[in-house]
Amino acid sequence: MMTISYEYEGALYVNLTNRCDCRCVFCLRHNGHKGSIYADDLWLEHEPTRQEALDNLLARDYSKYRELVFCGFGEPMYRTDDILWLVDQLKAKVPNLPPIRINTNGHANLILGRDVTPDLAGRIDTISISLNGSTPEEYCAVTQPKDGVKAWEAMLDFAKKATAHVPHVVMTIVDKDKTQEDIDRCRKITEELGVTLRIRAYIED
């Protein structure tokens, strides 16, 4: 049984890919986990097609959910075009669809080689970007991105560009091993970008 969507705290989460260009030190994937506190098995047998994902999502009762979140056990923006297609289909077919959020590392433009932020307008209500560091060095140490410092720059640029097209742009950090000075630096970065900072509690595996 493949977990394409799962419920957590009143929201519906969508798991479209296990691909990721980072190896974050706190990611459950490194410890042999196939799931998380959210769902037991998020490793996909295969990436669901657009239609498989749509069929799965249309079977849900959206009156139960406060939010629809593209997240899962990988970087969802590898499948940006499929997310946009799914959102268009759901908006056309589901009355009173709840607000839509994407949880991302902010590397979409780097991965796809184009600026995708204009395509989010009118479709995505919130984009949550993992900041995870207050300097390029800390960011690379924590997230271990394939593209190194270039990924840090791409993530900040993506956040800034997204503010023109998405109503709520949030950047998150995990509080593990963060000093008050680190947190203050992160807050300064988000203030300069004009986005909201959210500090998440570290979850022990």
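Residues numbered from 1 in each chain as written. Predicted model: local features only at pLDDT ≥ 70, side-chain atom pairs only at ≥ 80, totals over all residues. Heavy atoms only, no water.

It is not clear to me how the pattern of salt bridges should be interpreted in this structure. Could you clarify?
Oppositely charged side chains can form a pair if their charged atoms are brought close together. In total, this model carries 17 salt bridges according to the counting rule given. Two residues, Arg 60 and Glu 7, come together in a salt bridge whose shortest N-O distance is 3.3 Å. Placement of the pair is Arg 60 in the loop between helix 1 (50-58) and strand 3 (67-70) and Glu 7 in strand 1 (residues 5-8), with a sequence separation of 53 residues. For Arg 60, a relative accessible area of 26% translates into the label partly exposed. As a salt-bridge pair, Asp 81 and Arg 114 come within 2.7 Å of each other at their nearest N and O atoms. With Asp 81 in helix 2 (residues 80-93) and Arg 114 in the loop between helix 3 (108-112) and helix 4 (117-120), this residue pair connects regions lying 33 residues apart in the sequence. Salt bridges sharing common partners tie together Arg 19, Glu 47, Arg 50, Arg 79 and Asp 82. (Salt bridge = Lys/Arg side-chain N within 4 Å of Asp/Glu carboxyl O. Helix = DSSP H or I, 4+ residues; strand = E, 2+ residues; numbered from the N terminus. Buried < 20%, exposed > 50% of the residue type's maximum accessible area, 1.4 Å probe, protein only.)

Sorry, what's going on with the environment of Thr 143 here?
In this structure, Thr 143 sits in helix 5 (residues 136-143). Between the C-alpha atoms of Thr 143 and Asp 175, which are 32 residues apart in sequence, the distance is 14 Å. In this structure Thr 143 touches Cys 22, Arg 23, Cys 24 and Asn 132, once residues within four positions along its chain are discounted. Engagement of the side chain of Thr 143 in a polar contact is seen with the backbone oxygen of Tyr 139, the distance being 2.7 Å. (Contact = heavy atoms within 4.5 Å. Polar contact = N/O pair within 3.5 Å; in protein donor to acceptor, adjacent residues only side chain to side chain.)

What am I meant to see in unusual backbone geometry here?
A negative phi angle characterises most non-glycine residues, just as the trans form characterises most peptide bonds. With a phi angle near 55 degrees, Asn 96 is a residue other than glycine that sits in the positive phi range. Looking at the secondary structure, you find Asn 96 in the loop between helix 2 and strand 4 (100-104). For Asn 96, a relative accessible area of 73% translates into the label exposed.

Just checking my understanding: could you explain helix 5 for this structure?
Since the α-helix turns once every 3.6 residues, residues separated by three or four places project in the same direction. Of the positions making up helix 5, those classed as buried are Glu 138, Tyr 139, Cys 140, Val 142 and Thr 143. Of the surrounding elements, those touching the buried residues of helix 5 are strand 5 (126-130), helix 6 (149-162) and helix 7 (180-193). With its phi angle positive at about 45 degrees, Gln 144 sits one or two positions after the end of helix 5.

Can you walk me through the side chain of Asn 109 in this structure?
Here Asn 109 is to be found in helix 3. Ignoring any residue separated from it by four or fewer positions in sequence, one finds Asn 109 in contact with Arg 114, Asp 115, Val 116, Thr 117, Phe 158 and Lys 161.

Would you take a moment to explain the nonpolar core for this structure?
It is characteristic of soluble globular proteins that their nonpolar side chains tend to be buried jointly. In this structure, Tyr 62, Phe 70, Leu 120, Ile 127, Leu 131 and Met 171 are the most contacted members of the largest nonpolar core, which totals 49 residues. Sort the elements by how many residues they give to this core and helix 6 lands first, with 7 residues. In contact with Tyr 62, other than residues within four places in its own chain, are Leu 12, Leu 57, Leu 68, Leu 90, Val 94, Leu 97 and Pro 98. Formed by 7 residues, the second largest nonpolar core is a distinct cluster that contains Tyr 6, Tyr 13, Leu 42 and Val 69. (Core = buried A, V, L, I, M, F, W, Y, C linked by side-chain atoms within 4.5 Å.)

Can you walk me through the packing of aromatic side chains in this structure?
The description of an aromatic ring pair uses the distance of the two centres, along with the angle that the planes make with each other. For the structure shown, the criterion picks out 5 aromatic pairs. An angle of 70 degrees between the planes, with centres 6.3 Å apart, marks the rings of Tyr 8 and Tyr 13 as edge-to-face. A centroid spacing of 5.9 Å and a plane angle of 75 degrees characterise the contact between Tyr 62 and Tyr 65, whose relative ring orientation is edge-to-face. Relative accessible area serves as the criterion here: at 6%, Tyr 62 is assigned to the buried category. Among the aromatic residues, ring-to-ring pairing joins Tyr 6, Tyr 8 and Tyr 13 into one connected group. (Phe/Tyr/Trp six-rings, centres within 6.5 Å; stacked < 30°, edge-to-face > 60°.)

Sorry if this is basic, but what is going on with the sheet that holds strand 6 (residues 168-174) here?
Whenever strands of a sheet pair, they do so through backbone hydrogen bonds, lying parallel or antiparallel. The strand order across the open sheet built from 7 strands is 1-2-3-4-5-6-7, with neighbouring strands paired in mixed fashion. At either margin of the open sheet sits one strand with a lone partner, and together these are strand 1 and strand 7 (196-200). Averaged over neighbouring strand pairs, the angle between their axes works out to 25 degrees when direction is ignored. Of the pairings in the sheet, the one linking strand 1 to strand 2 (residues 11-14) comprises 4 bridges and is antiparallel in character. In the sheet register, Glu 7 faces strand 2, and the bridge partner there is Leu 12. This element, helix 7, spans strand 6 and strand 7 of the sheet and lies at about 150 degrees to strand 7. (Pairing = 2+ DSSP bridges. Axes fitted to C-alpha atoms, helices over the stretch in contact; angles between N-to-C directions.)

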